[in-house]
Every structure is written in structure tokens, then in C-alpha cells.
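Here are the chains, one letter per residue:
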Amino acid sequence: MSDTMGWVPAEVNPDVPSVARIYDYLLGGSHNFEPDRAMADKLLAVQPNVAGIARNNRAFLRRVVQFMVQAGVRQFLDLGSGIPTAGNVHEIAQHAAPGSRVVYVDYEGVAVAHSKLLLAGNADAAVLQRDVTRPDDVLNADETRSLIDFSQPVGVLAITIGHYLPPACDPVGVFACYRNAVASGSFLALTHLTDDFTSLHGDEIVETMKSTQNNVFPRTRAQVLELFGDFDLVEPGLVTTSQWHPDYSMAPAVDPQEDGLYAGVAIKP
Ligand SMILES: C[S@@+](CC[C@H](N)C(=O)[O-])C[C@H]1O[C@@H](n2cnc3c(N)ncnc32)[C@H](O)[C@@H]1O
């Protein structure tokens, strides 16, 4: 497939769908290719609410960043940040607290290229093309060290990233590295696919995603809780995306299972 739009990095294979671009399409974005859109349609056939799941996830991200800013956090590490779309972390944080600093991390070429374009001229935000399963590479990158002061609280955002980490990469250990790196008063927010919710059709989603660049690994509530380690969950605990501090802009799902994702925020004691 040729790059008719001029923004596709050479290493990107547009013929194999990627979750970054499928998610962009589900959110109404334009940085995706025909195979991504076809895969999104397959997912919609399995789970007709998949676009709603994506929107509720994105809305959770917005509320979480606002919550953390109100709690005094001024620096964010966004793991698996995706293709920029409406409501990016630096926009939300820097609007609420000018000067807030953000490091975005993703390994997908379109996500990184488009983030670079968006962040040009923003001295308080950067994007790293790194694999989040290699925390040392992320935490010791020059951009991370120059933007994040690890003696001060950090908002670590792991929003729909955990379920892309296979058991073989030791997700609990990976999350522990990020938790250990940050100061007391830091927050960890995450959303995670689960097959605890029978109406989600998790098995079929797992099967469908096997032909993309990103296999998915739903986890049980107990397994998701493990990712928070010894951090203390803030109210209302581990719920689903729309159930976490819903605001005027959206009604919580009548059946929480419709959100498809566990969602929670915890603070480092
Ligand atoms: C569904 S998107 C989520 C974007 C954003 N966090 C949000 O919730 O709105 C998941 C992102 O995680 C990225 N991703 C998956 N596994 C990754 C890994 N091991 N390292 C870095 N990025 C990864 C994908 O490329 C994709 O952009």
C-alpha cells in the first residue's frame, strides 16, 4: 500500500491492522488504513458496543487527568498513548495547570509520528517510541529524565495497555517497575479488558485480534488488582470506565459490563 497521505513512517506496515489505528478509527479519527477499518468492522460484528467502549475509555482518561491535576500532579507518563485524538493528556493537563509536563510512550509508528507533529514547539511534552514492556528504556530515556522529576508525584497512565502485554513479558513485574520508579503521592490509573464480563464476548475479541499486530490478553478482576501492587485504590475502587466518577457529559452505563473494561486509580502511599 502506498503512502498517499505523506504521514506514514517507512517502518509502518499498513497491511496488518494495528490497535492504535483501529482505536483511532473507532473514535472517529482519520489516521487509519483500510485493513484497520475492516478489522474494526469485524470487532463491531463481535461486540456492537466496541465504539462505545472506546469512547467511555477515552472519557475516563480525561476525568482521570483532571482528577490528578486537582490532586496536585503536574507530570504525566502516558504508557501506550496511541494516536493523538480529541482530549490528549497534555491538552487536558496544560489547560488545567499550564506548565504540566507529559511524556507519551508508544511503539506504533503512526502514533509516534503524529504525536511528534502535534507536540512540535511544546517544550513541556515529548513522545518516545519505546516498548512499554522495557521499563528501563522508558524511564531512562533522555526525554523522560528531562521532563519528569522522579522526586515529585507522577501520574502514570496505563489506559488500555495492560491487556496487550502477554503473560510471557511478566505484566505484574513491568507494572512494578513503573510503580517503584515514582515518588510517594504518585498515581497509577489503568483500564483493562476482562472476560469476567460475559456480555463482552471476550473470547471472540481475542480470536479476532489474533490477525492484528496486537494480541489481547483479558484478565480477571484479581489479576487486574495485582497490577496496582501496594498502591491504595482511590474511591470508588476498581469499577468500569463509565462508573468511575461519572460527570455531566455522560451517563454511566446502565449495565457496567457494557463498558467492557475495568478502570481504577490508585495512589502510592
Ligand atoms: C487502544 S490504544 C490506547 C490509547 C490511549 N492510551 C487511550 O486509552 O486512549 C493502545 C495503544 O497501546 C500501544 N501499545 C500496545 N502495546 C504496546 C507496547 N508493548 N509498548 C508501547 N505501546 C504499546 C498501541 O500501539 C496503541 O497505540
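Quick caveat: nothing in here was measured; it's all calculated off a predicted structure.

Student: Sorry if this is basic, but what is going on with the pairing of strand 3 (residues 125-129) here?
Tutor: Along any regular strand the residues' side chains alternate between the sheet's two faces. Among the five residues in strand 3, four count as buried, and that is most of the element. Across five bridges, strand 2 (residues 101-106) lies against strand 3 in parallel orientation. Bridge assignment links Val102 to a residue of strand 3, and that residue is Ala125. For the crossover from strand 2 across helix 5 (residues 109-119) to strand 3, the handedness is right-handed.

Student: Would you take a moment to explain helix 5 for this structure?
Tutor: Turning to helix 5, its buried residues are Gly109, Val110, Ala111, Val112, Ser115 and Leu119. Those residues of helix 5 that are buried are in contact with helix 1 (19-26), helix 4 (89-96), strand 2 and strand 3. N-cap assignment for helix 5: the residue whose side-chain oxygen lies 2.8 Å from the backbone N of Val110 is Glu108.

Student: Help me understand the side chain of Thr191, please; the structure alone is not making it clear to me.
Tutor: Its place among the elements puts Thr191 in strand 5 (residues 187-193). Here Thr191 falls in the buried class, since its relative accessible area comes to 1%. Engagement of the side chain of Thr191 in a polar contact is seen with the backbone nitrogen of Thr160, the distance being 2.7 Å. If we skip the residues at most four places from it in the chain, Thr191 touches Asn57, Phe60, Ala158, Ile159, Thr160, Ile161, Thr241, Leu261, Tyr262 and Ala263.

Student: Help me out: how do you make sense of the pattern of salt bridges in this one?
Tutor: Pairing is possible between side chains that carry opposite charge, provided their charged atoms lie close to one another. A full pass over the atoms with the stated rule returns five salt bridges. Across the pair Asp36 and Arg21 runs a salt bridge whose closest N-O atoms are separated by 2.8 Å. In this pair, Asp36 sits in helix 2 (residues 34-46) while Arg21 sits in helix 1, placing the two residues 15 residues apart along the sequence. In this structure, Asp137 engages Arg134 in a salt bridge whose closest nitrogen and oxygen atoms are separated by 2.9 Å. Judged by its relative accessible area of 32%, Asp137 is partly exposed. A cluster of three or more residues bridged by salt bridges with shared partners is formed by Arg21, Asp36 and Glu108.

Definitions and limits used
- Residues numbered from 1 in each chain as written.
- Predicted model: local features only at pLDDT ≥ 70, side-chain atom pairs only at ≥ 80, totals over all residues.
- Heavy atoms only, no water.
- Buried < 20%, exposed > 50% of the residue type's maximum accessible area, 1.4 Å probe, protein only.
- Helix = DSSP H or I, 4+ residues; strand = E, 2+ residues; numbered from the N terminus.
- Pairing = 2+ DSSP bridges.
- Right-handed = clockwise from strand over helix to strand, strands pointing away.
- Contact = heavy atoms within 4.5 Å.
- Polar contact = N/O pair within 3.5 Å; in protein donor to acceptor, adjacent residues only side chain to side chain.
- Salt bridge = Lys/Arg side-chain N within 4 Å of Asp/Glu carboxyl O.

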